[in-house]
Amino acid sequence: MSISKQEIIELLNTENSQAQELRKKAYKIKSDTIGKNVYLRALIEFTNACEKDCYYCGLRKSNADVKRYLLSEDEIFDLAMFAHENKFGSIALQSGEVLDKNYVKNFGKLLAKIKQKTNNNLRIVLSCGEQSKEVYKYWKECGGDRYLLRIETTNPKIYEKIHPNDDKHNFQARLDCLQHLRDVGFQVGSGMMVGLPYQNLEDIADDLLFLKEFDIDMCGLGPFIEHSKTPLYEKRNEIPSRDKRLQLALNSVAILRMLMPDINIASATSLDALAKNGREQGILAGANVIMPNITPERCRESYNLYERNIAITKKNVAKELEKFGEQVCWGKFGDSQHYRNRK
Ligand code: 5AD
Ligand code: SF4
């Protein structure tokens, strides 16, 4: 479906019954296209180490309050096996950005081992930041199936304001990475934060149109949540209210579903930071993927991109969704239909 930028801006701004209408429409498109299905990815936050210093994120290198951890290869492998045995068709391996050559090599070997020991019956989603095209190619060959790299915002001026101004944080480099991921054959996911400082409705509309234009296979988008140990906390009075951010994120999910009926859209955990049933609302607005967290509990407090209540990470979201009549797809890969259709 094609929707003009002006229409998107108006839809983003809808509230109350009009917003309910919008989300119902999107939910119907999702149900008609991919069924009343919710796909699962078992989320493993395997290290909170990060070489970047994004102004919004609690894991930024300069935040000395974070206790850094790195799960051992054996532990990551065991978690992958646990996910496989418990019929999560996919795992999502998420980390900060680590560029160390040894790590890159060993991580690839680990992917290959997971693939081999599961007889290729487990999909692997990677969310490990910007890497060179060679590294992406190597990880793909080792067994990575999908890669999630959020563009965060498609307005380069905002991008510059929410990141340090140096070589490590470069908008064009980010775009290039998305293209490289596509070139080496990953199912490619991207997305953005909504409700950022400096961001207006037109910016969010541009972000949504970018996702369509780039022809992404999957999306993770969520509300910006201020974190007291980050520079952007200063701007906390210059962003939409928590309620408005929740509305904007849910409306964005719905609009994206209308723009791209057959992609995978994750219902972001950050939605749960703004409402007790935020992720359920995301599914009812057109999302079709959830990522239950299986990271060992001792690490969860140290993986705070934004300030979150640890209870959120323990919520049995699959069970909650069944109450809404959703079919939770245990044992299914849940590949992006869009990717398959494009190929
Ligand atoms: N609020 C919401 N999302 C955040 N992320 C990082 N920091 C925050 C925050 N304060 C998101 C970014 C990043 C992903 C891993 O987490 O979009 O891509
Ligand atoms: Fe690192 Fe990602 Fe946080 Fe940026 S958003 S500081 S790259 S973990």
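Here the structure is a predicted model, which is why all the values come from computation and not from measurement.

Thresholds applied
The numbers attached to residues start from 1 for each chain and follow its sequence in the written order. Chain letters and ligand numbers both follow the written order, the letters beginning at A and the numbers at 1. For this predicted model, a pLDDT threshold of at least 70 governs which residues receive local features, and a threshold of 80 or more governs which side-chain atom pairs are given and counted, while totals over whole chains, interfaces and linings are taken from all residues. The side-chain quantities take in all heavy atoms of the structure and omit both hydrogens and water. When at least one non-hydrogen atom of a residue lies within 4 Å of a molecule or strand, that residue is treated as near it. Lining residues are defined by having an atom within 4 Å of a point belonging to a cavity or pocket. Those points lie on a 1 Å grid over the protein atoms alone, cavities being sets where a 1.4 Å probe fits but cannot get out and pockets being open sets with protein on both sides within 12 Å along at least five of seven lines. Whether a molecule lies in a cavity or pocket depends on its atoms, and more than half of them have to be within 2 Å of the grid points. In this classification, the charged set is Asp, Glu, Lys and Arg, the nonpolar set is Ala, Val, Leu, Ile, Met, Phe, Trp, Tyr, Cys and Pro, and all remaining amino acids, among them Gly, are polar. Whenever two N or O atoms come within 3.5 Å, that pair is a polar contact, provided that in protein one can donate a hydrogen and the other can accept it, and provided that, for residues adjacent in sequence, both atoms are side-chain atoms. Each accessible area is a Shrake-Rupley estimate made with a 1.4 Å probe; only the visible protein chains count as cover when residues are assessed. Salt bridges are counted wherever a side-chain nitrogen of Lys or Arg sits within 4 Å of a carboxyl oxygen of Asp or Glu. Helical segments are the DSSP runs of H or I of at least four residues, strand segments are the runs of E of at least two, and each set is numbered from the N terminus. Think of it in three bands: with a 1.4 Å probe and only protein chains considered, a residue is buried below 20% of the maximum accessible area for its type, exposed above 50%, and partly exposed in between. Take the residue count of a helix, subtract one, and multiply by 1.5 Å to get its expected span. By definition, the arc is the one covered by directions from the helix axis to the C-beta atoms. Any two residues whose heavy atoms approach within 4.5 Å are treated as being in contact. Aromatic pairs are defined between Phe, Tyr and Trp rings, using the six-membered ring for Trp, whenever the two ring centres lie within 6.5 Å; interplanar angles under 30 degrees are classed as stacked, those over 60 as edge-to-face, and all others as tilted. Charge-over-ring contacts are defined here by two conditions on Lys NZ or Arg CZ: a distance within 6 Å of the ring centre and an angle within 35 degrees of the ring normal. Grid points are joined across faces, edges and corners, and a volume is the space filled by probe spheres set on the points. Following DSSP output, two strands are said to pair if at least two bridges run between them. Handedness of a crossover is defined as follows: with both strands directed away from the viewer, a clockwise route from the first strand across the helix to the second makes it right-handed.

Trainee: Describe the site of ligand 2, and please don't skip the residues or the numbers.
Mentor: Taken together, the residues surrounding ligand 2 are C50, K52, C54, Y56, C57, R60 and G96. Of all the cavities here, the one that holds ligand 2 is the largest cavity. When its residues are assigned to classes, the shell around ligand 2 shows four nonpolar, one polar and two charged.

Trainee: For the site of ligand 1, give the residues involved together with the corresponding values.
Mentor: Near ligand 1, the surroundings consist of Y56, C57, R150, E152, M193, P223, F224, I225, L305 and Y306. A distance of 2.5 Å separates an oxygen atom of ligand 1 from a polar side-chain atom of E152. One of the backbone nitrogen or oxygen atoms of I225 is found 2.8 Å away from a nitrogen atom of ligand 1. Contact with the protein chains covers 87% of the free accessible surface of ligand 1, which is 400 Å². Classifying every residue of the shell around ligand 1 gives eight nonpolar, no polar and two charged.

Trainee: Describe in detail the pattern of salt bridges, supporting the description with residues and values.
Mentor: What the rule picks out here adds up to 23 salt bridges. Note that E15 and K244 form a salt bridge whose closest N and O atoms lie 3.0 Å from each other. On the criterion of sequence distance, the pair formed by E15 in the loop between α1 (5-12) and α2 (16-34) and K244 in helix α9 (residues 242-259) is long-range, its members being 229 residues apart. Given the relative accessible area of 19%, K244 is considered buried. R279 is paired through a salt bridge with D272; the nearest N and O atoms lie 2.7 Å apart. When salt bridges that share partners are traced, they join K52, E97, E130, E152 and R174 into one network.

Trainee: Break down helix α4 (residues 101-117) for me, citing the residues and quoting the values.
Mentor: With 17 residues, α4 should reach 24 Å at 1.5 Å per residue; the first-to-last C-alpha distance of 25 Å fits that figure. All of the buried residues along α4 are Y103, V104, F107, G108, L110, L111, I114 and K115. Viewed end-on, α4 has its buried residues packed into an arc of 160°, placing them on one side of the element. In α4, the exposed positions angled more than 90 degrees off the buried face are occupied by K101, N102 and Q116. Elements that come into contact with the buried residues of α4 comprise β2 (42-47), α3 (73-85), β3 (90-95), β4 (123-127) and α5 (133-142). In this structure D100 caps α4, since a side-chain oxygen of it lies 3.2 Å from the backbone nitrogen of N102. Following α4 by one or two positions, N119 has its phi on the positive side, about 50°.

Trainee: Go over the packing of aromatic side chains with me, naming the residues and quoting the values.
Mentor: Tallied over the full model, the rule gives nine aromatic pairs. The structure contains a cluster of three or more aromatic residues connected by ring pairs, namely F46, Y103, F107 and W139. When the ring centre of F77 is taken as reference, the NZ or CZ atom of K113 above it lies at 4.3 Å. A cation over an aromatic ring shows up here: R236 above the ring of Y233, its NZ or CZ 4.1 Å from the ring centre.

Trainee: How would you summarise empty space enclosed by the protein if you had to cite specific residues and measurements?
Mentor: In total, this model carries two cavities of 30 Å³ or more according to the counting rule given. Taken as a whole, the largest cavity encloses approximately 940 Å³ of empty space. Contributing to the lining of the largest cavity are 44 residues, with Q94, S127, R150, E152 and L305 lying nearest its centre. Among the secondary structure elements, those contributing two or more residues to the lining of the largest cavity are β2, β3, β8 (218-223), β9 (264-267), α10 (269-272) and α13 (310-314). Of all the elements, β8 adds the most residues to the lining of the largest cavity, at three residues. The residue makeup of the lining of the largest cavity, split by class, is 22 nonpolar, eleven polar and eleven charged. A volume near 130 Å³ is recorded for the second largest cavity.

Trainee: Could you give me a rundown of the pairing of β3, with the residues and numbers involved?
Mentor: Burial analysis of β3 places six of its six residues in the buried class, which makes it a mostly covered element. Of the two faces of β3, the one lined by S90, A92 and Q94 and the one lined by I91, L93 and S95 are each fully buried. Of the strand pairs in this sheet, β2 and β3 are connected by five bridges, and their pairing is parallel. If you follow E45 over to β3, its bridge partner there is Q94. Each parallel crossover has a hand, and the one from β2 via α3 to β3 is right-handed. Where β3 meets β4, five bridges bridge the pair, whose relative direction is parallel. Across the sheet, A92 pairs through a bridge with V125, a residue of β4. The parallel pair β3 and β4 is bridged by α4, and the resulting crossover is right-handed.

Read these as spatial facts, not as claims about activity.
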